[in-house]
Amino acid sequence: MVVTQENVAVNGSRSFSPQEIADALRDRIRTGELRAGDRLPTQADLAEEFGVERGAVRQALRVLQEAGLLTNVSKGSPPRIAEPVGPGRDEPQRTMVGLAPRLAEAFAEQNVRIDAACLTAQSLMLAMGESVRLIHEGRARPESINVRVLLPSRKITLAFPVSVEGRGDDDPVHQRWLKMRNAQAQVLEYNLGSLRSTHGIDVQISFRALPFTPPIKLYLLNEKEALLGYYVLDEREEEYESQTLEMYDALGSQSVLFAFLKQAGQRDAAFVEESQKWFNALWETITTDLTLS
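Note that this is a predicted model, so its numbers are computed, not measured.

Engineer: Quick one: what's the story with the packing of aromatic side chains, residue by residue and with numbers?
Structural biologist: Under the definition given, this model contains 4 aromatic pairs. Summarising the aromatic geometry, the rings of F16 and F50 are spaced 5.3 Å apart at their centres and angled 85° between planes, so their arrangement reads as edge-to-face. Separated by 34 residues along the polypeptide, F16 in the segment before α1 (18–31) and F50 in helix α2 (residues 43–50) bring together distant segments of the chain. The partly exposed category is assigned to F16, whose relative accessible area is 29%. By relative accessible area, which is 5% here, F50 ends up buried. For the ring pair F260 and F271, a centre distance of 3.9 Å and an interplane angle of 25° mean the geometry is stacked. Taken together, the residues span a long stretch of sequence, with F260 in strand β12 (residues 256–261) and F271 in helix α7 (residues 266–284) at a distance of 11 residues. By relative accessible area, which is 13% here, F260 ends up buried. On the accessibility criterion, F271 (26% relative accessible area) is partly exposed. Here R148 stacks its cationic end above the ring of W283, 5.2 Å away from the centre of that ring.

Engineer: Go over the packing of α1 against helix α3 (residues 54–66), please, and point to the residues and values.
Structural biologist: Working note: a packed helix pair is described by the angle between its axes plus the distance between those axes. Their axes nearest at 8 Å, the elements α1 and α3 cross at an angle of 55°. Judged by the inter-axis angle, α1 sits oblique to α3. Between α1 and α3 the crossing geometry is right-handed. Contacts from P18, Q19, I21, A22, L25 and R26 of α1 reach α3 at A56, Q59, A60, L61, V63 and L64.

Engineer: Before we move on, could you go through the pairing of strand β5 (residues 144–152) and cite the residues and values that matter?
Structural biologist: Counting buried positions over the 9 residues of β5 gives 8, a clear majority of the element. The parallel pair strand β4 (residues 111–117) and β5, bridged by helix α5 (residues 122–136), forms a crossover whose chirality is right-handed. As paired elements, β5 and strand β7 (residues 202–210) share 9 bridges and run parallel to each other. Note on β7: the bridge partner recorded for R148 is S206.

Cut-offs and rules
Residues numbered from 1 in each chain as written. Predicted model: local features only at pLDDT ≥ 70, side-chain atom pairs only at ≥ 80, totals over all residues. Heavy atoms only, no water. Phe/Tyr/Trp six-rings, centres within 6.5 Å; stacked < 30°, edge-to-face > 60°. Helix = DSSP H or I, 4+ residues; strand = E, 2+ residues; numbered from the N terminus. Buried < 20%, exposed > 50% of the residue type's maximum accessible area, 1.4 Å probe, protein only. Lys NZ or Arg CZ within 6 Å of the ring centre and 35° of its normal. Axes fitted to C-alpha atoms, helices over the stretch in contact; angles between N-to-C directions. Parallel < 35°, antiparallel > 145°, perpendicular 65-115°, else oblique. Left-handed = near helix turned anticlockwise from the far one by under 90°. Contact = heavy atoms within 4.5 Å. Right-handed = clockwise from strand over helix to strand, strands pointing away. Pairing = 2+ DSSP bridges.

Now the structure itself:
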């Protein structure tokens, strides 16, 4: 007769395997006991609860991370429950609806990295306000923030916005765009830069000039998510310095963003990785220093 013995913790209670710990935590997430954005207990607390060594807890956390249920694993603090991937989250949303909450989620990590390629920094500037507010409220505490932005050079002839009547020697449509580009980027730079003195966060924000007009807008969040939107041109009028400008332009804030999550599968992961390669290659090769003046 063969006698089997259960794993027994030091205190005499049953000890759990890493898979059993993962399954127990998975049930808490499924039932709502642990919600998206919540932090898990520390590894020490989980080890005590399940009667195991920390190594078993770390293995369990890796299982949940690979399943896309945890973020911020191995960052020096307890990981967070990931936002669910599925209907509702991955539905396309307009930039001014979808960008701010995605940025706020990205700012929940200790080391934040945001890369953006766009026509102006308007949408990024406005959407970033929510993340900055969370830091001031103490609800987000990143140690570092690294933001890189690609914007069209002032020296090129833009494909858009462009006057319906064509370009003149002193094109007011181009001057209006340039004024907006500089002002919005300066506000973004100031709002993020102020976090150095107010919260001691290591903030780096830099700009590079594109030698072409970007036909799309792209936001890359912590190398884990890519948000892509198309600039859709339309003929419209805009008041500028006591004159009415008729132009072909795109309202970037109304662009629909399509989300690709690295944890959502091979197809999305490949898109995020290739988008990051595309951005890095532009940053390191044909772009130039951008002066906000």
